[in-house]
Amino acid sequence: MRHCHSDVEDAAASQTLQSGTKSFPFMRASLSGAVFLMLAASAAAADLAVTIEKVASAGGNVRVGLFGSAKAFPGKPDRREAVAAVPGAVTVVFRDMQPGNYAVSAFHDVNDNNKLDTGFLGRPPEPLGFSRDARVGMGPPAFADAAFAVDSAAAKLAVRLRP
């Protein structure tokens, strides 16, 4: 038995094929654009190697905080790294950094209690340092004093611990 198609059915089928064909290039273009944006974003990301200098002794960990704004600095880092302390220098790497302004704080957590201890008048007894060698006065330095720029290229930074 032969099935007969009406002109209306043929027109509807043709419209479905055409709209399917028309939407496919749009979906392909959207997908290509999304992939391009993801690749561009990852291509713009850089690694930041932070070398902590003047580590006086082994024992405990050197803890490093990365801050992306003055609002968080120096209390709540956006990212953290820790590495076992060895005399001399240690290096941590923050991967996939987006371009922007950042500050780094580091301290030698000698007793390995996961926090910066404070002594008399709030001064920390553990060695401490900041990016751009920003100095500690009666309190921590300002974000602007420790801030540095990261662009799309890999970057290196040195932070010197002070007793």
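In this text, all values refer to a predicted model and were calculated from it rather than measured experimentally.

A.B. asks: Hey, could you go over the packing of aromatic side chains for me, with residue numbers and the actual values?
C.D. replies: We describe a pair of aromatic rings using the distance from one ring centre to the other and the angle between the two ring planes. With the rule as written, the count across this model stands at three aromatic pairs. For the pair Phe67 and Phe73, a centre-to-centre distance of 5.1 Å together with 90 degrees between the ring planes defines the contact as edge-to-face. Just as Phe67 is buried, Phe73 falls in that class too. On the numbers, 5.8 Å between centres and 70 degrees between planes, the contact of Phe73 with Phe143 is edge-to-face. Note that Phe73 is positioned in the loop between strand S2 (61-67) and strand S3 (79-84) and Phe143 in helix H2 (residues 143-146), a separation of 70 residues in sequence. In this structure, Phe73 and Phe143 share a single accessibility class: buried. Every member of this aromatic cluster is reached through a ring pair, and the members are Phe67, Phe73, Phe130 and Phe143.

A.B. asks: Give me the nonpolar core: which residues, what numbers.
C.D. replies: Counting residues in hydrophobic clusters, the biggest one holds 21 residues, and the most contacted among them are Leu48, Val50, Ile52, Val64, Phe94 and Val104. Listed by contribution, the elements that provide at least two residues to this core are strand S1 (46-55), S2, strand S4 (88-97), strand S5 (100-109), strand S7 (148-150) and strand S8 (155-160). When residues in this core are grouped by element, the largest group, five residues, is from S1. If we skip the residues at most four places from it in the chain, Val64 touches Val50, Ile52, Arg79, Arg80, Glu81, Val92, Phe94, Val104, Ser105 and Ala106. With 11 residues, the next largest nonpolar core counts Ala72, Ala103, Phe107 and Ala134 among its residues.

A.B. asks: Could you give an account of unusual backbone geometry, naming the residues involved and the relevant values?
C.D. replies: Here the bond from Phe73 into Pro74 is cis, since omega is -10 degrees, no more than 30 degrees from zero. One can find Pro74 in the loop between S2 and S3. Despite not being glycine, Lys54 shows a phi value in the positive range, around 65 degrees. Relative to the helices and strands, Lys54 resides in strand S1. Lys54 gets classed as exposed once you look at its relative accessible area, which sits at 56%. Look at Asp96: it is not a glycine, yet its phi comes out positive at around 55 degrees. Topologically, Asp96 is positioned in strand S4.

A.B. asks: Any details on the confidence of the model for the protein chain? Residues and values, ideally.
C.D. replies: In the predicted model, the protein chain carries a mean pLDDT of 83, and 74% of its residues have values of at least 70. For the stretch residues 1-6, pLDDT sits under 50, and the model shows two contacts to residues farther than four places along the chain or on other chains. Counting interchain partners and residues more than four positions distant, the pLDDT-below-50 stretch residues 11-24 has zero contacts.

A.B. asks: Describe in detail the pattern of salt bridges, supporting the description with residues and values.
C.D. replies: This model, assessed by the stated rule, comprises five salt bridges. With its nearest N and O atoms 2.7 Å apart, the salt bridge here joins Arg63 to Asp112. Of this pair, Arg63 sits in strand S2 while Asp112 sits in the loop between S5 and strand S6 (128-130); the two residues are 49 residues apart in sequence, bridging distant segments of the chain. The partner of Arg160 in a salt bridge is Asp133, with the nearest N and O atoms 3.0 Å apart. In this pair, Arg160 sits in strand S8 while Asp133 sits in the loop between S6 and H2, placing the two residues 27 residues apart along the sequence. According to the relative accessible area criterion, Arg160 is partly exposed, its value standing at 32%. Relative accessible area serves as the criterion here: at 24%, Asp133 is assigned to the partly exposed category.

A.B. asks: Give me the lowdown on the side chain of Glu126, citing residues and values where you can.
C.D. replies: Tracing the chain through its elements places Glu126 in the loop between S5 and S6. It is Arg63 that comes nearest to the buried, bridge-free Glu126 among opposite-charge side chains, at 7.8 Å. One polar contact links the side chain of Glu126 to the main-chain amide nitrogen of Val110, over a distance of 3.1 Å. At a separation of 3.0 Å, a polar atom in the side chain of Glu126 contacts the main-chain amide nitrogen of Asp117. Contact partners of Glu126, with chain neighbours within four places excluded, come to Phe107, His108, Asp109, Val110, Asn111, Lys115, Leu116, Asp117 and Arg162.

Definitions and cut-offs
Residues numbered from 1 in each chain as written. Predicted model: local features only at pLDDT ≥ 70, side-chain atom pairs only at ≥ 80, totals over all residues. Heavy atoms only, no water. Phe/Tyr/Trp six-rings, centres within 6.5 Å; stacked < 30°, edge-to-face > 60°. Buried < 20%, exposed > 50% of the residue type's maximum accessible area, 1.4 Å probe, protein only. Helix = DSSP H or I, 4+ residues; strand = E, 2+ residues; numbered from the N terminus. Core = buried A, V, L, I, M, F, W, Y, C linked by side-chain atoms within 4.5 Å. Contact = heavy atoms within 4.5 Å. pLDDT = per-residue confidence, 0-100. Salt bridge = Lys/Arg side-chain N within 4 Å of Asp/Glu carboxyl O. Lys, Arg positive; Asp, Glu negative; His and termini not counted. Polar contact = N/O pair within 3.5 Å; in protein donor to acceptor, adjacent residues only side chain to side chain.

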